[in-house]
Amino acid sequence: AITRNVDNTVACSDTAPCTSTPCCTIQFAIDTALNNDVVQAAAGTYAENLTLGKNIILRGAQAANPACDRVDVETTVAPAAGVALTLTTGSSSATV
């Protein structure tokens, strides 16, 4: 499995594989990912409508911290309109 990084606050590029240079968008990283890959989104706000249809792990900046212990900036998906995350066929074992 590969960890595909997303960070729209630094020099980024929606060019595969999103390992050394991060992707700018979570959706591009999802589209590029293979089953069992990890998409790690840095803290910040992502104005996207995400569709997840594969078995990957989708992590935000605070993924390792219990909710009651979070004091840092979160990863937020906040689309201008519509649903932030749509799960489709193929995502039954995905972890979000």
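For the structure itself, look to the data block above.
Just so you know, these numbers come straight off a predicted model, no measurement behind them.

### A short note on the overall build of the chain
Right, so step 1: The helix and strand tally for the chain stands at one helix and seven strands.
Right, so step 2: The order of α-helices and β-strands along the chain, N terminus first, is β-α-β-β-β-β-β-β.
Right, so step 3: Scaling as 2.2 N^0.38, a compact globule of 96 residues should have a C-alpha radius of gyration of about 12 Å, and the chain matches this with 13 Å.
Right, so step 4: Reported as C-alpha extents along the three principal axes, the dimensions of the chain are approximately 35 × 30 × 30 Å.
Right, so step 5: Per-residue burial for the chain yields a buried fraction of 28% across its 96 residues.

### What about the side chain of Asp37?
Right, so step 1: Turning to its location among the elements, Asp37 is positioned in the loop between helix H1 (26–32) and strand S2 (38–41).
Right, so step 2: Judged by relative accessible area, Asp37 falls into the buried class, the value being 3%.
Right, so step 3: At 2.9 Å, the side chain of Asp37 forms a polar contact with the side chain of Arg4.
Right, so step 4: Once residues within four sequence positions are removed from consideration, Asp37 is found in contact with Ala1, Ile2, Arg4, Ile56 and Ile57.

### Comments concerning the state of the cysteines
Covalently bonding the sulfur atom of one cysteine to the sulfur atom of another cysteine gives a disulfide.
Right, so step 1: Applying the stated criterion across every chain, the model contains two disulfides.
Right, so step 2: One disulfide in the model links Cys12 with Cys24; its S-S distance is 2.1 Å. What sets the handedness of the Cys12 and Cys24 disulfide is the S-S torsion sign, and at about 105° it is right-handed. With a gap of twelve residues between them, Cys12 in the loop between strand S1 (3–6) and H1 and Cys24 in the loop between S1 and H1 connect regions that are remote in the sequence.
Right, so step 3: Exposure remark for Cys12: the relative accessible area of 26% places this residue in the partly exposed category.
Right, so step 4: A sulfur-sulfur separation of 1.6 Å characterises the disulfide bridge that pairs Cys18 with Cys23. Across the disulfide from Cys18 to Cys23, rotation about the S-S bond amounts to roughly 80°, and the bridge is consequently right-handed. Grouping residues by exposure puts Cys18 and Cys23 together as buried.

The rules behind these values
- Residues numbered from 1 in each chain as written.
- Predicted model: local features only at pLDDT ≥ 70, side-chain atom pairs only at ≥ 80, totals over all residues.
- Heavy atoms only, no water.
- Helix = DSSP H or I, 4+ residues; strand = E, 2+ residues; numbered from the N terminus.
- Rg over C-alpha atoms; globule rule 2.2 N^0.38 Å.
- Buried < 20%, exposed > 50% of the residue type's maximum accessible area, 1.4 Å probe, protein only.
- Polar contact = N/O pair within 3.5 Å; in protein donor to acceptor, adjacent residues only side chain to side chain.
- Contact = heavy atoms within 4.5 Å.
- Disulfide = S-S within 2.5 Å.

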